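These are the residues of each chain, in order.
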Amino acid sequence: MNEQLIEKIKNLKEQRNAVILAHNYQMPEVQDVADFTGDSLGLSISASKTDADVIVFCGVLFMAETAAILSPGKTVLLPDKNAGCPMADMITADQLRQLKRKHPDAIVVCYVNSTADVKAESDYCCTSANAVEIVQSLPKDKPVIFVPDQNLGQFTAQKTGRQLILWPGYCRSHVIITQEDIKNAKSKYPDAIVLAHPECTEPVRQIADYVISTGGMLKFVKESAAKRFIIATEVGIIYPLKKQRPDAEFIPASQNAVCPNMKKITLEKIIWSLEDLKFKITIPQDIRLKAKKSLDRMIEVLPSPV
Ligand code: 13P
Ligand code: SF4
């Protein structure tokens with residue numbers, strides 16, 4: 001059944017001169033049909049470099065918006081228009097403008113998990129892979145506003161030794177993981193290395209061995225000789241980890257760490273998307289140009305080695 005769908009996707013991709021990008025949390029069959037899989041930073045770089053006419057973005061809305069901002073000449077499609085990111089919607093451009101009025105000297109850094117309008121109000125964008133490097137690069141005498149994820153914000157503040165003005169946003173699929181979950185997994189597998197995403201809460205980050213992006217996890221595991229890993233992030237990451245290291249064991253810290261929005265993309269929806277060129281992501285030109293500045297600064301700063 002899947003073979004027929006995959007064949008159809010291949011043909012449609014050729015007809016449309018399309019490229020398929022998929023986030024590491026996508027369902028296995030979706031990751032398998034993608035031309036490029038990766039974390040938010042890797043996907044943004046791919047979207048800015050491709051010479052395809054059409055980008056089918058298998059991820060959530062802010063990722064497809066990022067591709068549309070970076071590649072204005074291309075048709076960017078999100079196969080399910082309801083695949084959003086609740087964390088991105090936790091701050092509006094109006095709320096950010098109010099915060100900026102309270103701190104008129106501050107530099108604004110926004111996590112890429114934000115709307116195009118919020119990016120347009122920000123000076124720098126960042127992902128979980130380069131937030132620390134971006135904040136480190138800012139002048140020391142300037143206050144810094146960091147939105148919307150308080151957990152990535154706290155982590156970045158701790159790593160850089162800077163006080164950041166935070167917004168109380170969070171990711172439900174990550175804050176559901178508890179320190180107790182990690183302790184339970186550790187008691188069963190004491191030799192396992194704990195890798196946690198910076199969207200996890202402080203108690204989880206505290207007992208993790210490494211706090212890194214999903215792309216960072218894939219890189220770490222590839223280079224590590226260890227055989228067992230406890231993974232504190234969305235469970236979809238287990239599939240590419242296992243693909244990369246079939247000899248290793250990956251224990252999800254919590255089976256509840258699921259992002260329902262990431263699971264909305266299916267092979268059928270990719271076909272419909274390519275057939276009918278939907279759902280097209282368009283960004284008003286004034287917003288796009290402002291948002292692009294913050295994104296351009298982001299993709300220049302690569303993450304440092306783990
Ligand atoms: P990364 O893949 O960039 O680590 O981000 C995780 C995430 O939550 C995307 O929504
Ligand atoms: Fe948004 Fe969390 Fe889903 Fe990532 S995992 S897309 S931050 S809700």
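Throughout what follows, the structure given in this document is the object of discussion. (Residues numbered from 1 in each chain as written. Chains lettered and ligands numbered in written order. Predicted model: local features only at pLDDT ≥ 70, side-chain atom pairs only at ≥ 80, totals over all residues. Heavy atoms only, no water.)

Asn151, Leu152, Gly153, Phe155, Thr156, Ala157 and Thr160 are the residues of helix α8 (residues 150–160) that are buried. Near the N-terminus of α8, the side chain that reaches the backbone nitrogen of Asn151, with its oxygen 3.2 Å away, is that of Asp149. Once α8 finishes, Gly161 follows within two positions and takes phi at roughly 70 degrees, a positive value. (Buried < 20%, exposed > 50% of the residue type's maximum accessible area, 1.4 Å probe, protein only. Helix = DSSP H or I, 4+ residues; strand = E, 2+ residues; numbered from the N terminus. Polar contact = N/O pair within 3.5 Å; in protein donor to acceptor, adjacent residues only side chain to side chain.)

What follows concerns the site of ligand 1. By nearness alone, 13 residues border ligand 1, and His23, Ser40, Ser128, His197 and Thr214 come closest of all. His23 has a polar side-chain atom sitting 2.6 Å from an oxygen atom of ligand 1. One nitrogen or oxygen atom from the side chain of Thr214 is found 2.6 Å from an oxygen atom belonging to ligand 1. In the complex, the protein chains occlude 96% of the 300 Å² of accessible area that ligand 1 would expose alone. A per-class count over the shell around ligand 1 returns four nonpolar, seven polar and two charged. (Near = heavy atom within 4 Å. Areas by Shrake-Rupley, 256 points an atom, 1.4 Å probe, with all protein chains shown as cover. Nonpolar A, V, L, I, M, F, W, Y, C, P; charged D, E, K, R; others polar.)

Moving on: the side chain of Arg162. Within the fold, Arg162 resides in the loop between α8 and β8 (164–166). For the buried Arg162, no salt bridge is present, and the opposite-charge side chain at shortest range is Asp141, 6.5 Å distant. Reaching out from Arg162, the side chain makes a polar contact with the backbone oxygen of Leu138 at a distance of 3.0 Å. (Lys, Arg positive; Asp, Glu negative; His and termini not counted. Salt bridge = Lys/Arg side-chain N within 4 Å of Asp/Glu carboxyl O.)

With that settled, the discussion passes to the packing of helix α1 (residues 2–16) against helix α14 (residues 267–276). The contact between α1 and α14 brings their axes to 10 Å, and the two run at 25 degrees. Judged by the inter-axis angle, α1 sits roughly parallel to α14. Crossing of α1 against α14: the hand is left-handed. Contacts between α1 and α14 involve Asn2, Leu5, Ile6, Lys8, Ile9, Leu12, Lys13 and Arg16 on the former and, on the latter, Leu267, Glu268, Ile270, Ile271, Leu274 and Glu275. (Axes fitted to C-alpha atoms, helices over the stretch in contact; angles between N-to-C directions. Parallel < 35°, antiparallel > 145°, perpendicular 65-115°, else oblique. Left-handed = near helix turned anticlockwise from the far one by under 90°. Contact = heavy atoms within 4.5 Å.)

Right, let's get into the pattern of salt bridges. Counting across every chain of the model gives 15 salt bridges. Taking the shortest distance from any N to any O, the salt bridge between Asp296 and Lys292 comes out at 2.9 Å. Of the two residues, Asp296 and Lys292 both sit in helix α15 (residues 285–300), four residues apart, roughly one turn of that helix. We classify Asp296 as partly exposed; its relative accessible area is 26%. Take Lys292: its relative accessible area is 23%, and that puts it in the partly exposed class. Bridged by salt links that share partners, the residues Asp94, Arg97, Lys100 and Glu121 form one connected network.

In this section: the sheet that holds strand β3 (residues 54–58). Taken in spatial order, the four strands make up an open sheet running β2-β1-β3-β4, and their pairing is parallel. Of all strands in the sheet, those bounded by a partner on one side alone are β2 (36–38) and β4 (75–77). Averaged over all pairs of adjacent strands, the angle between strand axes in this sheet comes to 20 degrees, irrespective of strand direction. (Pairing = 2+ DSSP bridges.)

Keep in mind that these numbers describe shape and distance, not what the molecule does.
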